[in-house]
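So the chains spell out like this:
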Amino acid sequence: MRHLGILAHSAEGAALCFRAFCQEGFRELGPDDHPDVTLDLIALARSMPAWEAGDHDPIRATLAESVRRLAAAGADFFACPDNTAHLALERPGGDLPLPGLHIAGVVADRAARDGRTRVGVLGTRYTMDGPVYPRELAARGIAAEVPGPADRETVDRIIFDELVNGVLTEESRREYVRIIGGLAERGCDAVALVCTEIPLLVTPEASPLPVLDSTRLLARAAFDVAVGRRPVPAWRGGPPDGRDFDRR
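These numbers were taken from a predicted model, which means no experiment stands behind them. (Residues numbered from 1 in each chain as written. Predicted model: local features only at pLDDT ≥ 70, side-chain atom pairs only at ≥ 80, totals over all residues. Heavy atoms only, no water.)

A.B. asks: Any details on the overall build of the chain? Residues and values, ideally.
C.D. replies: Each helix and strand in the chain was counted, giving eleven helices and eight strands. The globule rule puts the C-alpha radius of gyration for 248 residues at 18 Å, and the 17 Å found for the chain is close to it. When the backbone C-alpha atoms are referred to their principal axes, the chain occupies close to 45 × 40 × 35 Å. For the chain, the residues scored as buried account for 54% of the 248 residues in total. (Helix = DSSP H or I, 4+ residues; strand = E, 2+ residues; numbered from the N terminus. Rg over C-alpha atoms; globule rule 2.2 N^0.38 Å. Buried < 20%, exposed > 50% of the residue type's maximum accessible area, 1.4 Å probe, protein only.)

Dropping the structure here:
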């Protein structure tokens, strides 16, 4: 089995991915069993000034340092359970020390396999306003929709004020459900939860639309790589191309 390195950028989403990866092992391999996994996290606070300034190159450098540490720990590949971080990982630069799964490719592949045609995208303002999900969904013939400006602000505020700090409230859940309902009214046939903390708040049972849970989809893809059911990814940072994803 291959050794997974979890390239963490925010604690709660990374913890959920770690837990989901191990739980895949418990289900398939037996009690307490899973492939080797190492998690590395450089505090999000060190990158937030660069995020606010729109300067992604220092963030890429920070994430690359985590990948170097994962490689030194013996990891064979990495998964980054942070959708926004992929804006920085896609910046031009030298190859990362390990190959990695691209979370947007994993989510978009699942949307395509499910026959989705219009997917709502909920994440940080950086992700909702950014090119990653519209590009990956469009490459599979799927339209991307985001909430209106006021609702995008609400989604982003709840992420940074609450979810990344492990705060889950019924009021915020109701707001997310309302926003997802609005996406359904606009013709979406699924919603992609592409901040990896959102699945902690919005469960499939609560959502007015079928959910694409980026955290658990990434964990499942990483498990498949670790047990040899899926090839080791080719992507090592920078803008991905279609050859970097396994679209089975």
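A.B. asks: For empty space enclosed by the protein, give the residues involved together with the corresponding values.
C.D. replies: According to the stated counting rule, one finds two cavities of 30 Å³ or more in the structure shown. A volume near 140 Å³ is recorded for the largest cavity. In terms of lining, the largest cavity is formed by 19 residues, of which the most central are Ser10, Asp82, Thr84, Thr124 and Phe160. At the level of secondary structure, the elements contributing two or more residues to the lining of the largest cavity comprise helix 2 (48–53), helix 6 (125–129) and helix 8 (149–161). (1 Å grid on protein atoms, 1.4 Å probe; cavity = no way out; pocket = protein on both sides within 12 Å on 5 of 7 lines; lining within 4 Å. Points joined across faces, edges and corners; volume = space filled by probe spheres on them.)

A.B. asks: So what's going on with the packing of helix 5 (residues 103–113) against helix 11 (residues 214–226)? Residues and values would help.
C.D. replies: One way to put it is that helix 5 packs onto helix 11 with a least axis distance of 9 Å and a crossing angle of 95°. Relative to helix 11, helix 5 is oriented roughly perpendicular. Between helix 5 and helix 11, the residues in contact are Ile103, Val106, Val107 and Arg110 and Ser214, Leu217, Leu218 and Ala221, respectively. For the contact of helix 5 with helix 11, the residue count by class is six nonpolar, one polar and one charged. (Axes fitted to C-alpha atoms, helices over the stretch in contact; angles between N-to-C directions. Parallel < 35°, antiparallel > 145°, perpendicular 65-115°, else oblique. Contact = heavy atoms within 4.5 Å. Nonpolar A, V, L, I, M, F, W, Y, C, P; charged D, E, K, R; others polar.)

A.B. asks: Which residues make up the sheet that holds strand 7 (residues 190–193), and what values go with them?
C.D. replies: Strand order in the open sheet formed by four strands is 6-5-7-8, and the pairing between neighbours is parallel. Each of the sheet's edge strands pairs with one partner strand only, and the pair in question is strand 6 (143–145) and strand 8 (211–213). Across the sheet, the mean angle separating the axes of adjacent strands is 30° when strand polarity is ignored. Across the sheet, helix 9 (residues 170–185) is in contact with strand 5 (118–122), strand 6 and strand 7; its angle to strand 5 comes to roughly 155°. (Pairing = 2+ DSSP bridges.)

A.B. asks: Can you break down the packing of helix 1 (residues 11–29) against helix 11 residue by residue, with the values?
C.D. replies: Contact geometry for helix 1 and helix 11: axes closest at 8 Å, N-to-C directions at 50°. Judged by the angle between their axes, helix 1 and helix 11 are oblique. By crossing handedness, the relation of helix 1 to helix 11 is classed as right-handed. For the pair helix 1 and helix 11, the contacting residues are Gly13, Leu16, Cys17, Ala20, Phe21, Glu24, Gly25, Glu28 and Leu29 in the first and Thr215, Arg216, Leu218, Ala219, Arg220, Ala222, Phe223 and Ala226 in the second. Across the contact of helix 1 with helix 11, the residue classes break down as ten nonpolar, three polar and four charged. (Left-handed = near helix turned anticlockwise from the far one by under 90°.)

A.B. asks: Now, about the nonpolar core: what can you tell me, with residues and values included?
C.D. replies: In terms of nonpolar packing, the biggest core is built from 55 residues, with Phe78 and Leu101 touching the most fellow members. Ignoring sequence-local partners within four residues, the contact set of leucine 101 consists of Phe77, Phe78, Ala79, His86, Val106, Leu218, Ala221, Ala222, Val225, Arg230, Pro233 and Trp235. (Core = buried A, V, L, I, M, F, W, Y, C linked by side-chain atoms within 4.5 Å.)

A.B. asks: Any details on the pairing of strand 5? Residues and values, ideally.
C.D. replies: Put simply, side chains in a regular strand alternate between the two faces of the sheet. Burial within strand 5 is extensive, with four of its five residues counted as buried. Here strand 5 runs beside strand 6; their pairing, made up of three bridges, is parallel. Pairing of glycine 120 across the sheet is with glutamate 145, part of strand 6. One ladder, built from four bridges, connects strand 5 with strand 7; its direction is parallel. The residue bridging glycine 120 from the neighbouring strand is valine 191, located in strand 7.

A.B. asks: Tell me about the side chain of asparagine 83, residues and numbers included.
C.D. replies: Among the secondary structure elements, asparagine 83 is positioned in the loop between strand 3 (77–79) and helix 4 (85–89). Only 2.5 Å separates the side chain of asparagine 83 from the side chain of tyrosine 133, close enough to count as a polar contact. A polar atom in the side chain of asparagine 83 sits 3.2 Å from the side chain of serine 214. Asparagine 83 has contacts with Ile103, Thr127, Tyr133, Val194, Cys195, Thr196 and Ser214, leaving out every residue within four places of it along the chain. (Polar contact = N/O pair within 3.5 Å; in protein donor to acceptor, adjacent residues only side chain to side chain.)

A.B. asks: Give a description of the environment of proline 97 that names residues and reports values.
C.D. replies: Looking at the secondary structure, you find proline 97 in the loop between helix 4 and strand 4 (100–101). Of the residues examined, proline 97 reaches a relative accessible area of 34% and is grouped as partly exposed. Distance from proline 97 to serine 66, taken between C-alpha atoms, is 9.8 Å for residues 31 residues apart in sequence. Discounting residues that sit within four places of it in the chain, proline 97 has contacts with Ala64, Val67, Arg68, Ala71 and Arg236.

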